[in-house]
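What the coordinates show
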Amino acid sequence: MTHCPYCALQCATLLSGADAPSATVRPDPVFPVNRGGLCQKGWTAPEVLRAPDRLRAPMVRGPDGELTPTDWDDALDLVADRLRELRARHGADAVGVFGSGGLTNEKAYALGKFARVALATSQIDYNGRFCMSSAAAAANAAFGLDRGLPFPVSDLGEADVVLLAGSNPAETMPPLMRHLERPQLIVIDPRATRTAERAALHLRPAPGTDLALALGLLHLAVTEGRLDEDYVKERTAGFEEAWQQAVGWWPEQVERITGVPASDQREAVRLLAEAPRAYVLTGRGAEQHSKGSDTAAAFVNLALALGLPGRIGSGYGTLTGQGNGQGGREHGQKADQLPGYRMITDPDARAHVAGVWGVDAEALPGPGRSAYELLDALGTAQGPRALLVFGSNPVVSAPRAAHVADRLSALDLLVVADFVPSETAALADVVLPVAQWAEEEGTMTNLEGRVLRRRPLLSPPPGVRTDLEVLRGLAVRLGQPAHRFPTAPREVFAELRRASAGGRADYSGISYDRLDAGEALHWPCPEGDGAHPGTPRLFLDRFAHPDGRARFAPVDHRPSAAVPDATFPLLATTGRLLAHYQSGAQTRRVPALLAAAPAPFVEVHPDTALRYGLADGEPAVVRSAHGSVEARVRLSRALRADTVFLPFHFPGPGAANLLTGSALDPRSRMPEFKVTAVAVTPSVAA
Ligand code: SF4
């Protein structure tokens, strides 16, 4: 048994077949998260193992500008020589590292250690910054700890009402819907998604106004006598300050800004407040904004006002996106963090981790740039001159994609470790072929904080190495002792456990043996006298702040960075399709998935199409202040007339992130993916 290579649900799969050409999967019927279900991506995952263009040898760009196969020693020698040279000339921060929420816990941990110890650079961050950072910032501030779902997924199935703010699991993680059959759903989404079709109540705010809506719902909870006063008094702090921000958000004002009728706002609060068991869940639709952390915090405020978090059968959570989006943010590949979800600026944390690593705490670098800021600085006088990318495809997934491609091209050295030739690998000076899901061993941590075993069921193709082997190969060439960078995942996990001990995400009591014995272990799981059972439900007695109380956040609405005007009169929002995952580098290589969603499109309301001369199926150009996209028009009444939608899985002239801008959330550094002012016109060729 192993787990699907894609999203954070981490559905359990049983793989059959002795090799990649014959491999097939079927769902594990007993794993409680997917309960025998898989989406089309999961069913077809073996296709990525046999992708015809699978990388099988290291490649180095030659004088003719072409990537040419070479052997591992030559490739790693070249990379190490260039890194040494750049560091000698420009300092340690001349080398940057870009990781991924798709890496196993072991790889994420080893990558952070490699950056801080072997490279001594502060310049490391990862693509999870584009995914989970806003909800993580809000949860850390509110509860003192961020775990996507602080309860098992299966608890949702016992609920009476679930509010989903900016999440579309019917398309992004369909097996989750098995847990949402009983509860009434309140869906907040500008689009009438497949999830919204199943909702008892669908609120359709204008893109970028979720924060105003959340403030309005808190206002109604208080003014209509729904506040759980005992809970607020006994288990929280800061209500008055938060209420002062929400007090002016009368339903009529909220309706004017969001477009959500006051009657629907009242009904949402009534449903939530009268439900014996209720959950508030946020997703990327609410979080991927330049005010994403405040928006997530406003939904946390609502949940706290209703007394939901920290009660069995109720709560607040966020639906993590990437496969290891949870573990990926705990083990030290974030710009500001060390393993165990520790802050890199905390002297005690530095001393603990340095002790585990056998290095001097004083020598560890400080915090670095966040993901977009790191990409933006590449090749500039102050920024890194080299970048090592592991498991990420920022040319497609980062905002302001054309600018990011320019910055990557300006580097003295770009190294990409991946298993398929992604669009980012196509720009690289050196490409290193690595093993993928069913070929590698390790652990992943799913959206409910449950640690899962990834098992090597097939051998990788000859010529392919694991990321851990790549990191050791480079570290040794950079003068590190080989024992400091083990390549056996079990050994790395044993070290990760020690590094995490006593931290906010404590894995010290979890072992491969316990997981292999079938134990369901959710962190925190500290090592102690007996075997700790893990913590499937957090906060039942106290929240993780020193006084045990959750914190309301005094947040207020503000406009998005991009406001429609005469030049760009529409709002573009981006999102996912059922058939594809992230930048599409994997799923676009699966014939059935490509057939299901072969090309980019722009979804437009028929009234909008009429107004701007657009026709269904015809090519159009979508323009923003940052770039333009070519895509065919798809008419849909699922949209508001002021909004257009583009999927972000496609590269080239149809890449949705050619449109998105560089506005960042001040706390989480999340880019503004969900709101861009655009114009849509028929293509000249049409
Ligand atoms: Fe499950 Fe997500 Fe994989 Fe689909 S993509 S099978 S929902 S883990």
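Residues numbered from 1 in each chain as written. Predicted model: local features only at pLDDT ≥ 70, side-chain atom pairs only at ≥ 80, totals over all residues.

A short note on the overall build of the chain
For the chain, the helix and strand inventory stands at 23 helices and 27 strands. For a compact globule of 686 residues, the expected C-alpha radius of gyration is about 26 Å, and the chain comes in at 24 Å, within 12% of that figure. Each of the three principal axes of the chain carries a C-alpha extent, and together these read 70 × 70 × 50 Å. Here the chain holds 686 residues, and 59% of them are scored as buried. Taking contacts inside the chain between residues at least 6 apart in sequence as the whole, the part at least 24 apart equals 72%. (Helix = DSSP H or I, 4+ residues; strand = E, 2+ residues; numbered from the N terminus. Rg over C-alpha atoms; globule rule 2.2 N^0.38 Å. Buried ≥ 20, exposed ≤ 12 C-beta atoms within 10 Å, placed from the backbone. Contact = placed C-beta atoms within 7 Å.)

Things to note about the sheet that holds strand E12 (residues 278-282)
Across the sheet, five strands lie side by side as E10-E9-E8-E12-E13; this open sheet has parallel pairing. Looking at which strands have only one partner, the edges of the open sheet turn out to be strand E10 (201-203) and strand E13 (315-318). Going from strand to strand, the sheet's axes swing by 15° on average, the running direction of each strand aside. In this sheet, E13 lies alongside E12 in parallel orientation, the contact comprising four bridges. Looking at E13, one finds that Val280 is bridged to Tyr316. The strands touched by helix H12 (residues 262-274) within the sheet are strand E8 (161-165), strand E9 (184-188), E10 and E12, with E10 carrying the most contacts at an inclination of about 130°. (Pairing = 2+ DSSP bridges. Axes fitted to C-alpha atoms, helices over the stretch in contact; angles between N-to-C directions.)

Things to note about the nonpolar core
One recurring pattern in soluble globular proteins is that nonpolar side chains are buried together. Formed by 214 residues in total, the largest nonpolar core has its most connected members in Leu302, Val622 and Val644. Excluding residues that lie within four positions of it along the chain, Val622 makes contacts with Ala572, Val602, Ser628, Val629, Ala631, Val644, Leu646, Leu659, Val678 and Val680. (Core = buried A, V, L, I, M, F, W, Y, C linked by C-beta atoms within 7 Å.)

Side note on the site of the ligand
Residues in contact with the ligand amount to 14 residues; listed here are only the nearest, Cys4, Cys7, Cys11, Cys39 and Gly42. Residues belonging to the shell around the ligand are distributed by class as follows: ten nonpolar, three polar and one charged. Shared between two domains, the shell around the ligand holds at least three residues of each, these being domain 1 (2-49) and domain 3 (134-319). (Near = placed C-beta within 6 Å. Nonpolar A, V, L, I, M, F, W, Y, C, P; charged D, E, K, R; others polar. Domains from an automatic or database assignment.)

Quick notes on the UniProt feature "domain: 4Fe-4S Mo/W bis-MGD-type" (unreviewed entry) in the chain
Here, UniProt's "domain: 4Fe-4S Mo/W bis-MGD-type" (unreviewed entry) annotation points to residues 1-53. Between the first and last C-alpha atoms of residues 1-53 the distance is 27 Å; the span itself is 15% helix and 21% strand. (UniProt positions renumbered as here; feature names shortened; annotations may be inferred.)

Points about the environment of Arg204
Among the secondary structure elements, Arg204 is positioned in the loop between E10 and helix H8 (210-223). Looking at Arg204, the number of C-beta atoms within 10 Å reads 21, which means it is buried. Residues Arg204 and Leu639 lie 435 residues apart in sequence; the distance between their C-alpha atoms is 9.1 Å. Not counting the four nearest positions on each side in its chain, Arg204 is found in contact with Asp189, Pro190, Gly259, Val260 and Arg640.

Focus: the pairing of strand E20 (residues 451-454)
In this structure, strand E19 (residues 442-445) lies alongside E20, joined through four bridges in antiparallel fashion. Bridged to Thr443 within E20 is Arg453. In sequence, E19 turns back onto E20 through a hairpin of five residues, with Gly449 there showing a positive phi of about 75°.

Details of the domain arrangement of the chain
A common way to state how big an interface is: give the accessible area lost once the parts meet. Taken domain by domain, the chain holds domain 1 (2-49), domain 2 (59-130 + 324-434 + 466-500), domain 3 (134-319) and domain 4 (570-682). Each of domain 3 and domain 4 has a C-alpha centre, and these two points are 26 Å apart. Each partner contributes to the interface: domain 3 provides 19 residues, whereas domain 4 provides 21 residues. At the level of secondary structure, the elements contributing two or more residues to the side of domain 3 that touches domain 4 comprise helix H5 (133-143), helix H6 (169-172), helix H13 (284-287) and helix H14 (292-305).

Some words on helix H3 (residues 72-90)
For H3, with 19 residues, the first-to-last C-alpha span of 27 Å sits near the 27 Å given by 1.5 Å per residue. Structurally, H3 contributes buried residues whose contacts are with strand E4 (59-61), strand E6 (95-99), strand E16 (386-390), strand E17 (413-418), strand E18 (430-433) and helix H19 (467-477). Looking at the residues trailing H3, positive phi occurs at Gly91, about 95°. (Expected span 1.5 Å × (residues − 1).)

A look at the packing of helix H4 (residues 105-118) against helix H20 (residues 489-500)
As a packed pair, H4 and H20 sit with axes 9 Å apart at the nearest point and diverge in direction by 65°. Classified by the angle their axes make, H4 and H20 are roughly perpendicular. Once H4 is placed against H20, the crossing between them reads as left-handed. Here Asn105, Glu106, Tyr109 and Ala110 of H4 come into contact with H20, specifically with Pro489, Val492, Phe493 and Leu496. In terms of residue class, the contact of H4 with H20 is built from six nonpolar, one polar and one charged. (Parallel < 35°, antiparallel > 145°, perpendicular 65-115°, else oblique. Left-handed = near helix turned anticlockwise from the far one by under 90°.)

Structural notes on H14
Over its 14 residues, H14 extends 20 Å from the first C-alpha to the last, a length consistent with the 20 Å expected when each residue adds 1.5 Å. The element H14 is largely enclosed, with a buried count of 14 among its 14 residues. Positive backbone phi, at 75°, marks Gly307, one or two positions downstream of H14.

Remarks on the pairing of strand E22 (residues 570-575)
In terms of burial, E22 is largely enclosed, as six of its six residues are buried. In the sheet, E22 pairs with strand E27 (residues 676-682) via three bridges, with the strands oriented antiparallel. By the bridge assignment for E27, Leu571 is matched with Ala677. Here five bridges tie E22 to strand E26 (residues 643-647), and the two strands are oriented parallel to one another. Note that in E26 the partner of Ala572 across the bridge is Val644.

Description of the environment of Ala273
With respect to the secondary-structure elements, Ala273 resides in helix H12. For the pair Ala273 and Leu227, spaced 46 residues apart in sequence, the C-alpha separation works out to 8.5 Å. Discounting chain neighbours no more than four positions away, the residues touching Ala273 are Ala221, Arg226 and Leu306.

As for unusual backbone geometry
Residue Trp523 is joined to Pro524 through a cis peptide bond whose omega torsion reads 0°. Considering the arrangement of structural elements, one finds Pro524 in the loop between helix H21 (512-516) and strand E21 (550-551). Even without glycine at this site, Gln10 takes up a positive phi of about 55°. Here Gln10 lies in the loop between strand E1 (2-3) and strand E2 (12-16). Its 28 C-beta neighbours within 10 Å are what place Gln10 among the buried residues. Positive phi, normally seen in glycine, also occurs at Arg669, with a value near 65°.

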